[in-house]
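Summary of the model geometry
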There are 2 protein chains.
Amino acid sequence: MFASVIGLGSMGRGIAKTLLNAGWTIRGFDLNAKALADFQACGGISCPNVASAVEGQSVVISVVVNADQTEDLLFGSGFVASSMARGGLFISCATMAPARAEALAAKVEAAGLLYLDAPISGGAARAAAGELTIMASGTPEAFDAAAPVLEAIAAKVFRLGDAAGRAAAMKMVNQLLAGVHIAAASEAMVLAARLGLDLQAVYDVITSSAGNSWMFENRMPHVIDGDYSPLSSVEIFVKDLGIINDMSRALRFPSPIAAAALQMYLAASGTGLGGEDDSAVAKVYAGLAGVALPGAKA
Amino acid sequence: MFASVIGLGSMGRGIAKTLLNAGWTIRGFDLNAKALADFQACGGISCPNVASAVEGQSVVISVVVNADQTEDLLFGSGFVASSMARGGLFISCATMAPARAEALAAKVEAAGLLYLDAPISGGAARAAAGELTIMASGTPEAFDAAAPVLEAIAAKVFRLGDAAGRAAAMKMVNQLLAGVHIAAASEAMVLAARLGLDLQAVYDVITSSAGNSWMFENRMPHVIDGDYSPLSSVEIFVKDLGIINDMSRALRFPSPIAAAALQMYLAASGTGLGGEDDSAVAKVYAGLAGVALPGAKA
C-alpha cells in the first residue's frame, strides 16, 4: 500500500517507520535533511519537496507542528491539495484549535479530497511502536479510507464524530492537562529539592501515590538525570497552552491553571530554554528559588 | 494485638477495620457519633473520649485532619501524651507542614514516647483494603514499634529517614500535585463540556492519553455522574494547598500553579461547596463559564 508522510520529526518518523515495517511504500519529506536521510535509511522514498512527495498519491499523512504549517502544506508552498490524487485522503495529525480544523476540512473537501482530523498522543516511543492513541473525527468516507493507516499506526483510535474539529477539541483538552501536569511536576519536584528530599525517593513515592500523572512519571526522570535533550520541546507547550489561552479568551472561559502553566513555559522560552525538553521548566523554578538540580553547572 | 485509633473518618475507619479484620483489639474515638457507632458495629471498642481510648495503650494511631488537631490530641484536650503507656508509640497520619511534624515529634519524645511521622495516601477504598501508601520517617525505635501496624494497613511503606518531618515534606509534595491535578481536571472537563464534547468520551480518551493523572481517573467520574458526595472534601485542599502556600512564602519559593489551584478551591468553598467532594471545583468553572454539568439543577 502507498502513502506519503510529510513531517518526519519524532512523531512522523515513528509513523513512517511503522508503515514501512508493515510493508507499505512510503514517500516522505521534511525540511530537516538529517530527518530525511534517516527516513531513507529505513526504506522510505525521500523526496526533494512536498509536491513531489504527494504527487498523485491517494493518502497523505501530515505530521507537522501546527495549523499554519498544515495550511501552507495544503494550499500554500506545498501544493498538496492540488497535487494529490482526486478523491484522496488527507490525514492531519497537527494539534490545532477546533475552528482551524473545521475551516481546513471545509477547504480540503471543497477541493475534492477527504479530510480526517486525527491528532495523536502517546509520544515518540509509542509512535515508533505503532501504538499511538489517535483521536479522530471526520466523514464516514474519510474514516473508511483511513482505516488501513489507523490500524497500522495506532493501539487505540477514538472515533469522535462525523465532523472535523471534534478530535481537535479533544486534543486541546488533553494538551491542557499535559501542559499543566509537566509544569506542576516541575514545581513539585523543585520544591522537593528545596525541602531537601531525595529526588529519586520523590519519584518512587509519587508514582505510587495519588499525586501521580502520566507526565510526572514520563518526564521527571529527565530532571533526576539532568538530561534535557528534547523529546518534546518547551516551545510545543508555548504553542499548545497558547491555543488554550486564545480559545479560553474567545469562549469567555476562565482557565487560571492553564494560564499559570503557560507563564512558566514562557519563562522557560524567554530564558533561552525553548528548544530543550519541556521538563526544562524545572530549571526556571530552580533558578527562581536558588535550588541546584542534578546536572546543573556549578 | 492492641492499638487505639483516634479519628474514624474515611481514612481512620478503613485503618481501624483493617486492623480489626486482622484480629487486633482496637479502641477508638471520634467526635462524630455515627462514625463511632459504625466502628463499634465492626467490632471496635468505642470510647466516650480520647483519654479513655488511649489510657495505658502502647500504640496510638492518629488519623485526624491537621497539625492543630494532632497537637490538641496530644497535649491539649486529648491528654494523649500523658495518658498512654510510657515508651509507647504515637503514629501521626495527618498531613501537616514539615516544621510542625518536627516540633510535635520533639515534644512527644520529650514526654518519653516514640513518634512516627506517617502521612498516608491512597484514598478511602485502599484504606479499607489495607493497601495504603504510607510515607514514614522517624527513629529506628519508632519504626520497630510501628512495624506490625504498618504491615497490616499498608501496601507500600516508604521509609524516608530517621527524622520526623521528612515524611511530612514528601506528603506536601504529593498534595501539591494532587490538589493541582483535581483542579486542572475540573478545568479541562468543564472546558470539554463548553466545547460540546461528550464527557464520557473525554474520560475514555484522557485516561488512555498523556494527559491522564491518578486524580483525573479517580475524581472525574463524580463530575460525569453529577455526584459530589464527599469522599475527600474541598476543605481538605483549602487546607493542604494553604500549607503549600505558607511553606512557599516562607521558603521564598514561587509556586504559581499551586497558587492558582488554591484560588479555585477557595472559590468553591466561598460559594458554599466546602463540604462537597473536592471535584466540586468543577461546579465553580461551570458557574463562571455558563456551562451545565450532569446533575445540575435546571
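Figured I'd write up the structure that's included with this text. All values derive from a computational prediction rather than experimental measurement. (Residues numbered from 1 in each chain as written. Chains lettered and ligands numbered in written order. Predicted model: local features only at pLDDT ≥ 70, side-chain atom pairs only at ≥ 80, totals over all residues. Heavy atoms only, no water.)

Side note on the pattern of salt bridges
Residue and element names in this part refer to chain A. Heads up, the condition is: The working definition used for a salt bridge is a side-chain nitrogen of Lys or Arg within 4 Å of a carboxyl oxygen of Asp or Glu. Here a strand is any run of E in DSSP of at least two residues, a helix any run of H or I of at least four, and the numbering for each starts at the N terminus. Think of it in three bands: with a 1.4 Å probe and only protein chains considered, a residue is buried below 20% of the maximum accessible area for its type, exposed above 50%, and partly exposed in between.
Under the defined criterion, the tally for this structure stands at 18 salt bridges over all chains. For Lys17, the salt bridge is made with Asp38, and the minimal N-O distance between the two is 3.7 Å. Of the two residues, Lys17 is situated in helix H1 (residues 10-21) and Asp38 in helix H2 (residues 33-41); the sequence distance between them amounts to 21 residues. In this structure Lys17 comes out as partly exposed when scored by relative accessible area, which is 26%. A relative accessible area of 25% places Asp38 in the partly exposed class.

Description of the state of the cysteines
All names here are of chain A. The condition that has to hold: The disulfide definition used here is simple: a pair of cysteine sulfur atoms within 2.5 Å.
Taken as a whole and assessed by the stated rule, the structure comprises 0 disulfides over all chains. No disulfide involves Cys42; its sulfur sits 15 Å from that of Cys47, the nearest cysteine. Classification of Cys42 by relative accessible area gives partly exposed; the value is 32%. Exposure remark for Cys47: the relative accessible area of 3% places this residue in the buried category.

With respect to the packing of aromatic side chains
All names here are of chain A. What counts is decided by this rule: Aromatic pairs are defined between Phe, Tyr and Trp rings, using the six-membered ring for Trp, whenever the two ring centres lie within 6.5 Å; interplanar angles under 30 degrees are classed as stacked, those over 60 as edge-to-face, and all others as tilted. We call a charge positioned above a ring when the Lys NZ or Arg CZ atom is no farther than 6 Å from the ring centre and deviates by at most 35 degrees from the ring normal.
For the structure shown, the criterion picks out 8 aromatic pairs over all chains. Between Lys107 and the ring centre of Phe75, over which it is positioned, the NZ or CZ distance is 4.5 Å. A cation over a ring is seen here: Arg159 above Phe143, with NZ or CZ 3.9 Å from the ring centre.

Re H2 of chain A
Helical geometry: 3.6 residues make up each α-helical turn, so side chains three or four residues apart lie on a common side. Residues and elements named next belong to chain A. Going by this rule: The arc in question is the one traced by the directions running from the helix axis out to the C-beta atoms. In what follows, residue pairs with any heavy atoms lying within 4.5 Å of each other are defined as contacts.
Those residues of H2 not exposed but buried are Ala35, Leu36 and Phe39. Each buried residue of H2 sits inside an arc of 100° when the element is viewed along its axis, so together they form one side. Facing away from the buried surface of H2 by more than 90 degrees, the exposed residues are Ala33, Lys34 and Ala41. Turning to H2, the residues buried within the fold contact H1, strand S2 (25-29) and strand S3 (45-46). Gly43 lies just past H2 and shows a positive phi near 105°.

Some words on the sheet that holds strand S8 (residues 132-136) of chain A
What holds strands together in a sheet is hydrogen bonding between their backbones, with the strands either parallel or antiparallel. Residue and element names in this part refer to chain A. Just so we agree on the cut-off: The rule for pairing is simple: two strands pair if DSSP sees at least two bridges between them. Lines fitted to C-alpha atoms define the axes, with helix axes restricted to the stretch in contact, and inter-axis angles between N-to-C directions lie between 0 and 180 degrees.
What the 3 strands build is an open sheet, ordered S7-S8-S9; its pairing is mixed. In this open sheet, the two edge strands, each paired with only one partner strand, are strand S7 (120-121) and strand S9 (154-159). Here S8 runs beside S9; their pairing, made up of 5 bridges, is parallel. The residue of S9 that forms the bridge with Met135 is Phe158. With respect to the sheet, helix H8 (residues 140-153) is in contact with S8 and S9, its orientation differing from that of S9 by roughly 160°.

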